Amino acid sequence: MIDNLESNYNCAHAGQDLHQLKQELAALQAQGSNDQASKEAIHRLENQISFILNKCDINN
């Protein structure tokens, strides 16, 4: 998970960052854990992915 995404995010890193975030998300979802911490981590990863896609104008 990326610690801090801000409005000045460098889209040159988007390919690598999206790959990493999607792998982390898939791993968490595969665990099937339903506790609050897992739900929050999944939500945060989804938000980070959406942020990068929107910021860098990437069609997924």
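Because the structure is predicted, anything quoted here is derived from the model rather than measured.

K.L.:
Please clarify how the overall build of the protein chain should be interpreted in this entry.
P.N.:
Looking only at helices and strands, the protein chain features two helices and zero strands. Looking at the protein chain as a whole, 30% of its 60 residues are labelled buried. Partitioning the contacts of the protein chain with sequence separation of at least 6, the portion at a separation of at least 24 is 68%. By element, 44% of the accessible surface of the protein chain is carried by carbon and sulfur atoms, the whole surface being about 4,200 Å². Of the charged side chains in the protein chain, 4 are positive and 8 negative, and the gap between their average positions amounts to 4 Å.

K.L.:
Looking at this model, I keep getting lost on the packing of helix α1 (residues 14-31) against helix α2 (residues 36-55). Mind explaining?
P.N.:
Describing two packed helices takes the angle between their axes plus the distance from one axis to the other. The interhelical angle for the contact between α1 and α2, taken along N-to-C directions, is 155°, at an axis separation of 10 Å. On the basis of their axis angle, the class for α1 and α2 is roughly antiparallel. As for how α1 packs across α2, the hand of that crossing is left-handed. Only Ala41, Ile42, Leu45, Glu46, Gln48, Ile49, Ile52 and Leu53 of α2 make contact with α1, whose side of the interface consists of Ala14, Asp17, Leu18, Leu21, Lys22, Glu24, Leu25, Leu28 and Gln29. Grouping the amino acids of the contact of α1 with α2 by side-chain chemistry returns eleven nonpolar, two polar and four charged.

K.L.:
Looking at this structure, how should I read α2?
P.N.:
Helical periodicity: at 3.6 residues per turn, an α-helix aligns residues three or four positions apart in one direction. The terminal C-alpha atoms of α2, which comprises 20 residues, lie 28 Å apart, in line with the 28 Å expected from a rise of 1.5 Å per residue. Listed in full, the buried residues belonging to α2 are Ser38, Ala41, Ile42, Leu45, Gln48, Ile49, Ile52 and Leu53. With its buried residues spanning 130° around the axis, α2 presents them on a single face. Across from the buried face of α2, at angles greater than 90 degrees, the exposed residues are Gln36 and Asn54. Among the structural elements, α1 are those in contact with the buried residues of α2.

K.L.:
What is the right way to read the state of the cysteines from this model?
P.N.:
What is meant by a disulfide is a covalent connection between two cysteines, made through their sulfur atoms. Scanning the model with the defined rule gives one disulfide in all. A sulfur-sulfur distance of 2.0 Å marks the disulfide that ties cysteine 11 to cysteine 56. Measuring the twist about the S-S bond at about -90°, one finds the cysteine 11-cysteine 56 disulfide to be left-handed. Residue cysteine 11 is located in the segment before α1, and its partner cysteine 56 is located in the segment after α2; the two are separated by 45 residues in the primary sequence. Using a relative accessible area of 15% as the deciding quantity, one classes cysteine 56 as buried.

About the cut-offs
- The written sequence of each chain sets the order in which its residues are numbered from 1.
- Local features in a predicted model are, by the rule used here, given only for residues with pLDDT of at least 70; side-chain atom pairs are given and counted only at 80 or more, and totals for whole chains, interfaces and linings are based on all residues.
- Side-chain metrics in this entry use all non-hydrogen atoms of the structure; hydrogen atoms and water are not considered.
- Strands here are runs of E lasting at least two residues and helices are runs of H or I lasting at least four, both read from the DSSP assignment and numbered beginning at the N terminus.
- Residue burial is assigned from relative accessible area. The probe radius is 1.4 Å, only protein chains are included, and a residue is buried under 20% of its type maximum, exposed over 50%, and partly exposed in between.
- Contact between two residues is taken to exist if any of their heavy atoms lie within 4.5 Å; hydrogens are not considered.
- Under the convention used here, a 1.4 Å probe and the Shrake-Rupley method define accessible areas, while residue burial counts only the protein chains that appear.
- In this tally, Lys and Arg are treated as positive and Asp and Glu as negative; His is ignored, and so are the chain termini.
- For charged residues, the charge sits on one atom: NZ in Lys, CZ in Arg, CG in Asp, CD in Glu.
- To define axes, lines are fitted to C-alpha atoms, for helices over the stretch in contact only, and angles between the resulting N-to-C directions are given on a 0 to 180 degree scale.
- Each angle is binned into one of four classes, with values under 35 degrees roughly parallel, values over 145 roughly antiparallel, values of 65 to 115 roughly perpendicular, and all other values oblique.
- Each crossing gets its handedness from the near helix: less than a right angle anticlockwise from the far helix is left-handed, clockwise is right-handed.
- All residues other than Ala, Val, Leu, Ile, Met, Phe, Trp, Tyr, Cys, Pro, Asp, Glu, Lys and Arg, Gly among them, are scored as polar; the first ten of these are nonpolar and the last four charged.
- One fewer than the residue count of a helix, multiplied by 1.5 Å, yields its expected span.
- Along the arc lie the directions from the helix axis toward the C-beta atoms.
- Criterion for a disulfide: a pair of cysteine sulfur atoms within 2.5 Å.

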